[in-house]
Amino acid sequence: MKTQELMDTARAMVADDKGLLAMDESTPTCDKRFAKLGIPRTVEARRAYRELIVTTPGLGESISGAILYDETIRQQKKDGTSFVKAITDAGIIPGIKVDTGAKDMAGHPGEKITEGLDGLRDRLAEYSRMGARFAKWRAVIAVGEGIPSRAAIEANAQALARYAALCQEAGLVPVVEPEVLMDGEHTLERCGEVTEEVLRTVFNQLYTQRVTLEGMILKPNMVLPGLTCPKQEAVDEVADATVRCLLRAVPAAVPGIAFLSGGQPSELASARLNAMNVRFRSRLPWALAFSYARAIQQPALEIWRGDAAQVLAAQQALYHRAQCNRAARRGEYSAAMDAGGVNQQKRA
Ligand code: 13P
């Protein structure tokens, strides 16, 4: 019975060409983004910003689920309505980030291991009581000279699988996020090799830990050249490399793949997702969707900047990016949807 519920929730998270909105920045990450724009780093500023997001009119037309953070799932709108209720009333499924962050991995300079398994069963039970129906855990894999190591890949994959098993036991759909980072000079081919190795290892561990693939969502990176790689491939080449990698490593039983944006400019994140759906949608076993944070929020955050007079304009920008990504799921996004086109926004 629980398995059926998990499967239904996972399918609902990628139904109707919608996708996920990640608004689960930890307090330090949110503060860092606020500081860059001169926004006060206070609980109230973070609350006001999250209220702006969850009250955006029409957000549920393109967003199926929103990933909250521990602080946010406990917060309310100014009128006292909980964010969970506001989201649910908008037709959006509430989710929650449950890892406690990526920490330096002992004996492995330059590599991280994500923490948060201790006490997770109890935290999941509490979040479930608060209304969450899915959860997220992010592992980060850096690419560089001699890294990633097998040890970092295996330790992170095992943690992801143990988290996913605990989520399913609690009736929450796990969003499994192994992120191969964009930082570095590595080529698109190298990113493809690393991503394939990471995904194969993650799915081996998910099998070993008895995770039901039909009741989970994969949240991977796209296969991209490193940010400082001299060769930056075109949108179609990124789409081809990403889908080739996923076809090799992701079982067909997984209902949906929802990409992270990883710091890509917003328009490029839409254009690349669009290209994948234009070229491959009819031939893929899983839905190719989005679970973006920066690529949906950044333009809105830059308009808002903590100014109450800018809330409506910021909400329009948020709505627009969400709509662009829904169009990208259908293969109907075009640069014309974004005045100025994909090349304009190198600012993210
Ligand atoms: P970005 O889309 O900004 O990479 O964030 C997605 C996310 O949830 C990171 O964990």
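It should be noted that the structure appears before, not after, this text.
Before going into details, it helps to say that this report is about the structure given with it. (Residues numbered from 1 in each chain as written. Predicted model: local features only at pLDDT ≥ 70, side-chain atom pairs only at ≥ 80, totals over all residues. Heavy atoms only, no water.)

1. Some details on empty space enclosed by the protein
Step number 1: In the structure shown here, the tally under the stated rule is 2 cavities of 30 Å³ or more.
Step number 2: Its boundaries defined by the atoms lining it, the largest cavity holds a volume of some 60 Å³.
Step number 3: Every residue lining the largest cavity is counted, 13 residues in all, and those nearest its centre are Val180, Met182, Asn221, Met222 and Leu224.
Step number 4: When grouped by side-chain class, the residues that make up the lining of the largest cavity number 7 nonpolar, 5 polar and 1 charged.
Step number 5: Its volume calculated, the second largest cavity comes out at about 30 Å³.
Step number 6: Forming the walls of the second largest cavity are Glu25, Arg33, Tyr49, Ala293, Arg294, Gln297, Gln298 and Leu301.
Step number 7: Here the lining of the second largest cavity takes 4 residues from helix H11 (residues 294-304), the largest share from any one element.
Step number 8: The residue inventory of the lining of the second largest cavity, partitioned by class, reads 3 nonpolar, 2 polar and 3 charged. (1 Å grid on protein atoms, 1.4 Å probe; cavity = no way out; pocket = protein on both sides within 12 Å on 5 of 7 lines; lining within 4 Å. Points joined across faces, edges and corners; volume = space filled by probe spheres on them. Nonpolar A, V, L, I, M, F, W, Y, C, P; charged D, E, K, R; others polar. Helix = DSSP H or I, 4+ residues; strand = E, 2+ residues; numbered from the N terminus.)

2. Side note on the nonpolar core
Step number 1: Counting residues in hydrophobic clusters, the biggest one holds 112 residues, and the most contacted among them are Tyr163, Leu206 and Leu288.
Step number 2: If you tally residues by element for this core, the top one is helix H7 (residues 150-169), at 9 residues.
Step number 3: When near neighbours in sequence (up to four residues on either side) are disregarded, Leu206 contacts Ala161, Ala164, Val176, Val211, Leu213 and Met216. (Core = buried A, V, L, I, M, F, W, Y, C linked by side-chain atoms within 4.5 Å. Buried < 20%, exposed > 50% of the residue type's maximum accessible area, 1.4 Å probe, protein only. Contact = heavy atoms within 4.5 Å.)

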